[in-house]
Amino acid sequence: MSRKRTVRRVWRMVNPIAHAIQGAAITPRSELDKLLARELASLDDLTHGRGGLQQWNDMAHVVNLCESLALNGVGPEALEACVLAQEGLIDAARRFQKTQRMGLTGVAIQALRDVIEYHDLQRSSISRSQYEKTIAGLRSQILNNVNTVHLDKLLETEAA
């Protein structure tokens, strides 16, 4: 009879100092540029009539994150642009439900441009861990239906 043998796994050690420095550091510009490019592409699609639900969602996420950071004291001057952008996105959703085409007004386009600019400044001025904490908090608010606008319920009440 042979004895049972234990196969030991060797785990790679995580350097806690490097891990802490990475979380406390500001996100590298190259990674922020990728996010900015996606946001600008989504806005461009919406302004030229090629936008759909994915582009609308991209803009909604940017506006929600910008608003959350502004309410937490990071660039509070962005709140006015956030309100205008939210109204524009809600109008675009109503238009999409009626015509199946996503469109934005001039005021909404300018507000979204301002929000993208504010948000880029916000996320380049805070640590990566703080930005990820804001994203996680916003995600939990959405999952728990706290301070969210449900477009399907909004559109049902208007139809009635």
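Just so it is clear, the model here is predicted, and its values are computed rather than measured.

## A look at the environment of Leu 46
With respect to the helices and strands, Leu 46 occurs in helix α2 (residues 29-47). Those residues in contact with Leu 46, other than ones at most four positions away along the chain, are Gly 51, Gly 52, Gln 55, Trp 56, Met 59, Met 102 and Leu 104.

## With respect to the packing of helix α3 (residues 53-71) against helix α5 (residues 106-125)
Two elements in contact, α3 and α5, have axes whose closest approach is 9 Å; the angle formed by their N-to-C orientations is 55°. Classed by the angle they form, the pair α3 and α5 counts as oblique. Like other packed secondary-structure pairs, α3 and α5 cross with a definite hand, here left-handed. Between α3 and α5, the residues in contact are Met 59, Val 62, Val 63, Leu 65, Cys 66, Leu 69 and Ala 70 and Leu 112, Val 115, Ile 116, Tyr 118, His 119 and Gln 122, respectively.

## A short note on the pattern of salt bridges
For side chains of opposite charge, pairing can occur when their charged atoms come near one another. For the structure on display, the rule yields 10 salt bridges. Linking Asp 33 and Arg 29 is a salt bridge whose minimum nitrogen-to-oxygen distance equals 3.0 Å. Residue Asp 33 and its partner Arg 29 are both found in helix α2; the two are separated by 4 residues, about one turn of the helix. Taking the relative accessible area as the measure of exposure, Arg 29 reaches 36% and is therefore partly exposed. The closest approach of N and O atoms between Arg 123 and Glu 39, which form a salt bridge, is 2.8 Å. Of the two residues, Arg 123 is situated in helix α5 and Glu 39 in helix α2; the sequence distance between them amounts to 84 residues. Arg 123 sits in the buried class, given a relative accessible area of 1%. One salt-bridge network, in which partners are shared between bridges, spans Arg 29, Asp 33, Glu 39, Asp 120 and Arg 123.

## Some words on the packing of α3 against helix α4 (residues 79-99)
How two helices pack is summed up by the angle between their axes together with the distance between the axes. Relative orientation of the contacting elements α3 and α4 amounts to 155°, with a least axis distance of 10 Å. Taken together, the axes of α3 and α4 lie roughly antiparallel to each other. Two packed elements cross with a definite hand, and for α3 against α4 that hand is left-handed. Facing α3, whose interface residues are Leu 53, Trp 56, Met 59, Ala 60, Val 63, Asn 64, Cys 66, Glu 67, Ala 70 and Leu 71, α4 presents Leu 79, Cys 82, Ala 85, Gln 86, Leu 89, Ala 92, Ala 93 and Phe 96. Considering only residue class, the contact of α3 with α4 consists of 15 nonpolar, 2 polar and 1 charged.

## Quick look at the confidence of the model for the protein chain
In the predicted model, the protein chain carries a mean pLDDT of 84, and 86% of its residues have values of at least 70. By mean pLDDT, the top-scoring element of the protein chain is α5 (94), and the lowest-scoring one is helix α7 (residues 151-159) (54).

## Here's the deal with α4
Its 21 residues place the ends of α4 30 Å apart at the C-alpha level, agreeing with the 30 Å of an ideal helix rising 1.5 Å per residue. Within α4, the full set of buried residues consists of Ala 81, Cys 82, Ala 85, Gly 88, Leu 89, Ala 92, Ala 93 and Phe 96. Each buried residue of α4 sits inside an arc of 145° when the element is viewed along its axis, so together they form one side. In α4, the exposed positions that point more than 90 degrees away from the buried face belong to Glu 80 and Lys 98. Just downstream of α4, Gln 100 is the residue with a positive phi angle, here 60°.

Each value, and the rule that gives it
- Residues numbered from 1 in each chain as written.
- Predicted model: local features only at pLDDT ≥ 70, side-chain atom pairs only at ≥ 80, totals over all residues.
- Heavy atoms only, no water.
- Helix = DSSP H or I, 4+ residues; strand = E, 2+ residues; numbered from the N terminus.
- Contact = heavy atoms within 4.5 Å.
- Axes fitted to C-alpha atoms, helices over the stretch in contact; angles between N-to-C directions.
- Parallel < 35°, antiparallel > 145°, perpendicular 65-115°, else oblique.
- Left-handed = near helix turned anticlockwise from the far one by under 90°.
- Salt bridge = Lys/Arg side-chain N within 4 Å of Asp/Glu carboxyl O.
- Buried < 20%, exposed > 50% of the residue type's maximum accessible area, 1.4 Å probe, protein only.
- Nonpolar A, V, L, I, M, F, W, Y, C, P; charged D, E, K, R; others polar.
- pLDDT = per-residue confidence, 0-100.
- Expected span 1.5 Å × (residues − 1).
- Arc of directions from axis to C-beta.

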